[in-house]
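Summary of structural features
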Amino acid sequence: MKFKHSSIVLLLSAAAAMAACGGKGAIDVTKPLYTLTLNACNDSKTHATVTGAVGDSAKFGADPIRAGYSFDGWSTTYNAAKKMGDPANIVTAYTFEAKNDVLYGVWTLKNADVDGYMDKLKANSQDGHLYYHYYRNANTAADYNEWDVWAWPMQPTADEGTRIDWTGRTTSADRMSATGNPVIDEAGVVADIDLKKTYPAGWNDKTKTMKDIPMSFTINGVLSTHIGLQIVKSETRQSGSGFWVNDGSNLKVQLSDFALKLKDGGTAYHVFVVEDHVPMPTNAPFTDVENPFDGDDGTNVTYGKSEYDNIKWNSKPSQSPTAEDFKNIGVGYQIMVSSFADSDGDGFGDIYGIYKKLDYLEKLGVKALWLTPIQKSDSYHGYDITDYSKVDAKFGSKVSEAAVANGGVVTEETAMADYDQLVAAAHAKGMKIVMDLVLNHTSTANEWFLKSATLDKDYRAYYQWGNHETQASVINENKSWYPYGSHKYSYYAKFGSAMPELNYSYQATRDAVEDMSADWVKNHGVDGFRLDAVKHIYMLDEVSSTTGDSVVYDETTQNGKKVDYSSDLTKNLHFFRELKKDVATKAGKNVFFVGENFDGTAYQVAPYYDAFDSLFDFYSYYNITNAAASGMSGNVSTFPSAQGFMQGTGVFNPTGSKGSDGKGQMNGSDNLFQKGAGNAWNYPAVYKVYDSYRGDKSLPGSFTSNHDIARVINRIHGANTSGSADIDEQGNVSSSDYANYEKAANCAKIAEILFPGLTWIYYGDEIGMTGNFPSGTDAQTSYSDLWYRQPMKWVQGGYKGDGKFTTDYYVTGSSMKVQMDSINASTAVTGAEAQAASPTSDFATMAKFIKVKNENQALITGSMKAENYASGTLAANVLCFSRTLNGVTIKVAINFNKEATMSANSLNGTVLASYGNATQNSLPPFSAIVVKA
């Protein structure tokens, strides 16, 4: 092993050489004949001399000697990255061109000295310390002084992070800065972290100051197995944007991989990284690592360059038909994998836990499973993929058949085997598997990004890169462009600095994603994909729209900051049409595509049916929960009513739909909004427009709630108690009002189940779980979504390792714990095991209506018509509609009113299911009935 990087610089002209080594032996350069002396400043000896006159050619004398190094030769050019002569320009003879010519030595460290270096570490390291070695290409104190380390425990429990400065520097009392210069050696600088010490930790992003939360890498005598490390440009921690410029984003190290046995019998841990290669640590000094930016002139940008926009925009991919396998599936189930079922007692939900709960899901009656991302990622939620081809080991289980066969050790391979086992078992029960596919962005730790960031020509254009010095008007943090390390380049990342966006204007990116997606279908049995953030593929601050493109303007304010989510609809549809068609061709199967377009404006979402089988129906979710809140309020005017949702007469006008900035939708020459224009604002009209874009049967994706929004019970509570129908309304349900809101929520869930297409039950909604926020938290607060993702309640009083699959874990890189709120933890919510065994539970109610939908195709793909099955003062709060297919008509009436009983009419036929004592003549408060005519 040898160091490629050396801190030895050899050396300058004779005069400069002497000055650099102490100023001795200055040369009289006035003489035509002189001696050029070249020194190694780390040694007191003069190692070589070359004598000659200008124009003379001379050979070098004996090679200079430096202990532990091998001398490669003299170079005419200087390599700034290596801080020595450039190996490409070594000369064996030299002709003097001037009296102060400069020559540079080229060196490598001998293998024996790497061993010697490690021997010194064994002798000088302290037991229980982690030493983080960092080499920057400049390798100067001034360069290192701009950076520090943020460190935190990751597994088995996560906690806040703390600042660690380089050895030799003194940290200020408030831990905001440091003084002095670091100690530098051949491997750069080092941050010394005492894993047995308790540190003050945490960061307040509002005040830009350190917190004083006690944090330790050892809890109850157990040392963390994994440590999180980030190399941060110190000043950016205090800048206004909240983005910390870093080298390599987060590094997760497993301590056992970096253990060094000390001479006194203890164990220290040494992690070595190099600038721009931080995600590739080693347990000894680096070898053969080049500086990818050596000679870079700042023009390696992709933004605005035509060669990186090589899509054939004029050739529109053909539309794929609706996936046949999903046309008769009525209800699916969304699982937050980390929160659902822990099979091995570590508190973190796993795939094997889902496998063990398939009988429960089968009893509920669901026919499709959507798992939140299981591919390798940086986070507990999985929406920042580091490797699309692997299942993350964190979702593996040490008690699964695959892990047991591997000696109880969980690996990516055993986790993949767990996933394959789940897919096969689900298929055997008649269930489809829908994979959550996060294509808009990746993690900064994704290999694609690492190669792109370091100027790999084959991957550079996989992402969008701009120069924030020469393109500053566009490439800046206000427009979601983030600096990469200390370089001139910034990358585009709308979802945050750790999630860079893929460049789908580059065909090679599309090809790679299509191949990967097809592999999951062909080799792992995936039946469909849930496509995340579909409108974000082409954002206006990411690409330049082509003349004639249809654009959806969407500006909002978040935490007091204006955020632009405007997108290019035309380009988005082009990408997803191609993806669906090419995946089907490569996999030999027309897979189901359901897209997430977080937009409650149905006619803005409708054109996406041109490329998707299904889209999540936020429009229905917000309107149905508003209708339920209207019933809770006891009048028909506070909120949009159920009747208004079904029978509204206002019409959609694309040019009249305004964003917060007053801009309208730009209906380009492709007229993508044409099919929706002029249609009424009511659900039956919207559903017909969905079908018209599909040119086939659309399968709207209604849902009870999901991992990004309030649970249905909290949404109803928030709207009712605030008197507002805003989409972010969230209310905390108390023990005193839970019973009423539970009934209102059940009515809303029944409505979602009976709406067209494939309805998704969010885990826990079938047993009435809440998503209450802690005091002082609102929907705009960081980590508020943790309360949408609480542990599934299997049994009363469940706890980590109870053998009942209860989850209990911390958020990656944080002290925030994913835990039950007080209502879920109380007896108000009965555990799933008990509910599944009870004929009168919420579970039984959901299972009853799910069965009705599964057995009646009219409720899946039938037409929809607004009806008036109720009469009375508050009849507008009764949701009434019929569904018809092939001469079969299903009638539905749901009374959202809290207190008023409605008279029912025209509900003749066979009762398929009822709730809340509803009959064909009477609709009591919070009741529902389904009749087959």
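The structure we're discussing is the one just above.
All values derive from a computational prediction rather than experimental measurement.

With that out of the way, let us pick up the pattern of salt bridges. On inspection of all chains with the given rule, the structure shows 42 salt bridges. Notably, a salt bridge pairs R175 with D212, separated by 2.6 Å at the nearest N-O pair. Within this pair, whereas R175 is found in the loop between β13 (170–171) and β14 (178–179), its partner D212 is found in strand β17 (residues 209–216), the two being separated by 37 residues in sequence. For R175, a relative accessible area of 12% translates into the label buried. Residue classification places D212 among the exposed residues on the basis of a relative accessible area of 60%. Among the ionic contacts, a cluster of salt bridges with common partners joins D148, R163, D165 and R237.

The phi angle at N139 is positive, at roughly 55°, despite the residue not being glycine. You can see N139 is positioned in the loop between β10 (129–135) and α3 (141–144). Of note, L455 is a non-glycine position whose phi angle comes to about 70°, a positive value. Judged by its relative accessible area of 17%, L455 falls in the buried class.

Read from one edge of the open sheet, four strands run β12-β11-β20-β21, paired in antiparallel fashion. Looking at the sheet topology across the chains shown, the edges are occupied by β12 (162–164) and β21 (246–254). Pairwise comparison of adjacent strand axes, ignoring direction, gives a mean angle of 25° for this sheet. When strand β11 (residues 147–155) meets β12, the two strands line up antiparallel, connected through three bridges. The partner of A151 across the bridge, within β12, is T162.

Tallied over the full model, the rule gives 62 aromatic pairs. Residues W448 and Y462 carry aromatic rings whose centres are separated by 5.4 Å and whose planes lie at 85° to one another, so their mutual orientation is edge-to-face. Separated by 14 residues along the polypeptide, W448 in helix α9 (residues 447–453) and Y462 in the loop between α9 and β29 (465–467) bring together distant segments of the chain. When the ring of Y482 is compared with that of Y491, the centres are 6.4 Å apart and the planes differ by 40°; the resulting orientation is tilted.

Take the side chain of D384 next. By the secondary structure assignment, D384 is in the loop between β26 (375–377) and β27 (385–391). Lacking a salt bridge, the buried D384 has K394 as its closest oppositely charged neighbour, with an N-O distance of 6.4 Å. Not counting residues within four places of it along the chain, the set of residues in contact with D384 comprises K376, S377, D378, S379, T442, S443 and M499.

Here we take up the sheet that holds strand β48 (residues 922–923). One open sheet holds the three strands; their spatial order is β43-β46-β48, and the pairing between them is antiparallel. Bordering the open sheet on either side are β43 (870–871) and β48, each of which pairs with just one other strand. With two bridges joining them, β43 and strand β46 (residues 902–904) adopt antiparallel strand pairing. Within β46, the residue paired with S871 across the bridge is S903.

Attention shifts here to the environment of T411. Within the secondary structure, T411 sits in the loop between α7 (401–405) and α8 (412–428). Residue T411 is classed as partly exposed on the basis of its relative accessible area, which comes to 23%. It is 9.1 Å that separates the C-alpha atoms of T411 and K398, two residues lying 13 residues apart in sequence. Non-local contacts of T411, meaning those with residues more than four positions away in its chain, are made with A393 and N406. In terms of polar contacts, T411 uses its side chain to reach the backbone amide nitrogen of E413, at 3.2 Å.

Extensive coverage of strand β49 (residues 927–932) is indicated by the burial of five of its six residues. Bridge analysis of strand β45 (residues 888–895) against β49 gives six bridges, and the strand direction is antiparallel. Following the sheet pairing, K891 is matched in β49 by V931. Where strand β47 (residues 910–915) lies against β49, five bridges are found, and the strand directions are antiparallel. Among the inter-strand pairings, S914 is bridged to a residue of β49, identified as I929.

The next point concerns the pairing of β17. Direction of pairing for strand β16 (residues 198–204) relative to β17: antiparallel, over a ladder of six bridges. Looking across to β17, one finds that N204 is bridged to T209. From the end of β16 to the start of β17, which pair antiparallel, there are four residues, and K208 there has a positive phi angle of about 55°.

All right, on to the packing of helix α17 (residues 738–754) against helix α20 (residues 842–855) then. Taken N-terminus to C-terminus, the directions of α17 and α20 make an angle of 15°; their axes are 10 Å apart at the nearest point. Classified by the angle their axes make, α17 and α20 are roughly parallel. Crossing geometry of α17 relative to α20 is assigned as right-handed. In this structure, α17 uses Y738, E742, N746, K749, I750, E752, I753 and L754 to contact α20, whose residues at the interface are D842, T845, M846, F849, I850 and K853. For the contact of α17 with α20, the residue count by class is seven nonpolar, two polar and five charged.

Cut-offs applied
Residues numbered from 1 in each chain as written. Predicted model: local features only at pLDDT ≥ 70, side-chain atom pairs only at ≥ 80, totals over all residues. Heavy atoms only, no water. Salt bridge = Lys/Arg side-chain N within 4 Å of Asp/Glu carboxyl O. Helix = DSSP H or I, 4+ residues; strand = E, 2+ residues; numbered from the N terminus. Buried < 20%, exposed > 50% of the residue type's maximum accessible area, 1.4 Å probe, protein only. Pairing = 2+ DSSP bridges. Axes fitted to C-alpha atoms, helices over the stretch in contact; angles between N-to-C directions. Phe/Tyr/Trp six-rings, centres within 6.5 Å; stacked < 30°, edge-to-face > 60°. Lys, Arg positive; Asp, Glu negative; His and termini not counted. Contact = heavy atoms within 4.5 Å. Polar contact = N/O pair within 3.5 Å; in protein donor to acceptor, adjacent residues only side chain to side chain. Parallel < 35°, antiparallel > 145°, perpendicular 65-115°, else oblique. Left-handed = near helix turned anticlockwise from the far one by under 90°. Nonpolar A, V, L, I, M, F, W, Y, C, P; charged D, E, K, R; others polar.

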